[in-house]
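So the chains spell out like this:
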Amino acid sequence: MGLYLAVDGSQTTTKMVLADEQGTLLAVATGGPSNHTERPGGPERLEQVIVAMVEAVLRDAGLPVAELPEFAAACFGMTGETEIKQRTLGRLIRTPHLSVVHDSVNALIGATAGEAGIIVIAGTGSVARAIDARGREMRASGWGYLFGDEGSAYWIGREAIRAISAEYDGFGEKTRLTSVFRERLGIPNPYDLMDKYYKGEWSHNHLAGLAVSVDEVAEAGDPVAQNILKSAGRILSRFATRLLEILDWGGDASAGASSDRKRPAVCYTGGAFESAFVLTSFREAILQKHSQVDIHPPVLPPVLGSLLLAYRSAGVEISQQTRGEWTQSLGKLREPAE
């Protein structure tokens, strides 16, 4: 039986799926983070996580684990650099078709179920990726928190602190963010707040986590918080509109164009889009310029995007019917016990 291995590795968790040559999902597992391989001990942590997860899915599928089998193909969608990961995984995983791709690639393939389209990702960071009707790929943004990550949860948290600081200095609008952050974070003023970040006591991820509070304050009616979130949505929409304008979608997606052709898909994912203010402004800004597009959440999760890429690397095409059954099948699979 030909076995296909698919992985989606993020900064917090790693998801793995094992499937056969017919596209049947056999087992699923979740493990710890498998990225940051450029840091000391990173390749060793990657190896530990992947080996444990491979053994878990093999065991759950009723297959022997004494020696890892040769897989027909394997695809790993990973955050960050790929060279160290490729080298480490090439030593661990026996397969004639090993792919290690940026996690926005497998996220896109999953989001559109392998069809042409765009995905805009706005979690802790932000990035967009597209593949057009001619198979050309392109990325927008994804420059990291120092130079990019516009519209992300990190950006939202940073903008909230800037608004609080501006109010404190006397040239910004009054905002309820000030009292909410003071109470929840236990800080008396913006100087102490920023001191926590500059000294490294609070992390980049901590700052991104403030986006949840910004959304709560916005829902309570605070115009400053609402404007931050609406701005995030408009910024993220620019990633999509740029990709819509420069790639080939087999027709015109702009306002007033004929709807005879298949409409390009713009998918969105990530915690920032859980805010209704972000999502609504994102949708409105895109549709104002490009009315002939479908805007929706991902069709399949990123790990199944990795699975599609694994099949493709081996020259195996999975039917649309099988792809359509994957999400339901994934939900029925029981994860191995720790």
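Rules used in this analysis
Residues numbered from 1 in each chain as written. Predicted model: local features only at pLDDT ≥ 70, side-chain atom pairs only at ≥ 80, totals over all residues. Heavy atoms only, no water. Helix = DSSP H or I, 4+ residues; strand = E, 2+ residues; numbered from the N terminus. Areas by Shrake-Rupley, 256 points an atom, 1.4 Å probe, with all protein chains shown as cover. Lys, Arg positive; Asp, Glu negative; His and termini not counted. Charge placed at Lys NZ, Arg CZ, Asp CG, Glu CD. Expected span 1.5 Å × (residues − 1). Buried < 20%, exposed > 50% of the residue type's maximum accessible area, 1.4 Å probe, protein only. Contact = heavy atoms within 4.5 Å. Polar contact = N/O pair within 3.5 Å; in protein donor to acceptor, adjacent residues only side chain to side chain. Core = buried A, V, L, I, M, F, W, Y, C linked by side-chain atoms within 4.5 Å. Patch = residues over 30% accessible without salt bridge, like charges linked within 9 Å, V, L, I, M, F, W, Y side chains within 5 Å. Salt bridge = Lys/Arg side-chain N within 4 Å of Asp/Glu carboxyl O. Pairing = 2+ DSSP bridges. Axes fitted to C-alpha atoms, helices over the stretch in contact; angles between N-to-C directions. Left-handed = near helix turned anticlockwise from the far one by under 90°. Nonpolar A, V, L, I, M, F, W, Y, C, P; charged D, E, K, R; others polar. 1 Å grid on protein atoms, 1.4 Å probe; cavity = no way out; pocket = protein on both sides within 12 Å on 5 of 7 lines; lining within 4 Å. Points joined across faces, edges and corners; volume = space filled by probe spheres on them. Phe/Tyr/Trp six-rings, centres within 6.5 Å; stacked < 30°, edge-to-face > 60°. Lys NZ or Arg CZ within 6 Å of the ring centre and 35° of its normal.

*Asks:* Which residues make up the overall build of the chain, and what are the values?
*Replies:* Assigned secondary structure in the chain consists of 13 helices and 10 strands. Entry remark: accessible area of the chain is about 15,900 Å², with carbon and sulfur atoms responsible for 49%. Taken as two groups, the 33 positive and 41 negative side-chain charges of the chain have centres that lie 3 Å from each other.

*Asks:* Go over helix α11 (residues 276–289), please, and point to the residues and values.
*Replies:* Taking 1.5 Å per residue, 14 residues should reach 20 Å; α11 reaches 20 Å between its end C-alpha atoms and fits that length. The complete set of buried residues in α11 reads Phe277, Val278, Leu279, Ser281, Phe282, Ala285 and Ile286. Elements in contact with the buried residues of α11: β6 (117–122), α5 (153–169), α9 (211–219), α10 (223–246), β9 (265–269) and β10 (294–296). Put simply, serine 275 is the residue that caps the front of α11, since its side-chain oxygen is 3.3 Å from the backbone nitrogen of phenylalanine 277.

*Asks:* Kindly report on the nonpolar core, identifying the contributing residues and their values.
*Replies:* Ranked by internal contacts, the top residues of the largest apolar core, which has 53 residues, are Val120, Ile156, Leu177, Phe181, Val266, Phe273 and Phe282. If one sorts the elements of this core by residue count, α10 sits on top with 11 residues. The contacts of leucine 177, once residues within four sequence positions are left out, are Ala160, Ile164, Val214, Val217, Val224, Ala225 and Ile228. If you look at the next biggest cluster of nonpolar residues, it comprises 24 residues, including Leu3, Val7, Met78 and Val100.

*Asks:* Go over a nonpolar patch on the surface with me, naming the residues and quoting the values.
*Replies:* Nonpolar side chains collect at one region of the surface, where Trp143, Tyr145, Leu146 and Phe147 lie side by side and expose about 550 Å² of accessible area between them. The topology assignment puts phenylalanine 147 in helix α4 (residues 144–147). What makes phenylalanine 147 exposed here is its relative accessible area of 69%.

*Asks:* Report on the pairing of strand β4 (residues 73–78), specifying residues and quantitative values.
*Replies:* Burial within β4 is extensive, with six of its six residues counted as buried. Covered by surrounding structure in β4 are Ala73, Cys75 and Gly77 together with Ala74, Phe76 and Met78, the residues of both alternating faces. Pairing analysis gives five bridges linking β4 to strand β5 (residues 98–102), with the strands arranged parallel. Its bridge partner being in β5, cysteine 75 is matched across the sheet by serine 99.

*Asks:* Please give an account of the packing of α5 against α10 that cites residues and values.
*Replies:* As a packed pair, α5 and α10 sit with axes 10 Å apart at the nearest point and diverge in direction by 145 degrees. As for the relative orientation of α5 and α10, their crossing is right-handed in sense. From α5, Trp155, Ile156, Glu159, Ala160 and Ala163 reach across to α10, where they touch Val224, Ile228, Leu229, Ser231, Ala232 and Ile235. Of the residues assigned to the contact of α5 with α10, the class counts are nine nonpolar, one polar and one charged.

*Asks:* Could you give an account of the layout of surface pockets, with specific residues and numbers?
*Replies:* The volume enclosed by the second largest pocket comes to roughly 360 Å³. What lines the second largest pocket is a set of 13 residues, among which Tyr154, Arg158, Tyr197, Tyr198 and Leu207 lie closest to the centre. For the lining of the second largest pocket, the elements supplying multiple residues, two or more each, are α5, α7 (190–198) and α8 (204–209). Sort the elements by how many residues they give to the lining of the second largest pocket and α5 lands first, with five residues. Residues belonging to the lining of the second largest pocket are distributed by class as follows: eight nonpolar, three polar and two charged.

*Asks:* Quick rundown of the packing of aromatic side chains? Include the residues and the values.
*Replies:* In total, this model carries seven aromatic pairs according to the counting rule given. On the basis of an interplanar angle of 85 degrees and a centroid distance of 5.5 Å, the ring pair of tyrosine 168 and tyrosine 191 is categorised as edge-to-face. Of this pair, tyrosine 168 sits in helix α5 while tyrosine 191 is found in helix α7, placing the two residues 23 residues apart along the sequence. Judged by centre distance (4.9 Å) and plane angle (65 degrees), the ring pair of phenylalanine 273 and phenylalanine 282 falls under edge-to-face. The exposure classification of phenylalanine 273 matches that of phenylalanine 282, with both residues buried. Three or more aromatic residues joined by ring pairs form one cluster here, namely Tyr4, Tyr311 and Trp326. A cation sits over an aromatic face here: arginine 139 above tryptophan 143, 5.4 Å from the ring centre.

*Asks:* Residues and numbers for unusual backbone geometry, please.
*Replies:* Phi angles above zero are rare outside glycine, and alanine 113 is one such case at about 55 degrees. Among the secondary structure elements, alanine 113 is positioned in the loop between α3 (103–111) and β6. Overall, alanine 113 belongs to the buried group, its relative accessible area being 13%. The backbone of aspartate 149 shows a phi angle near 60 degrees, a positive value even though the residue is not glycine. Here aspartate 149 is to be found in the loop between α4 and α5.

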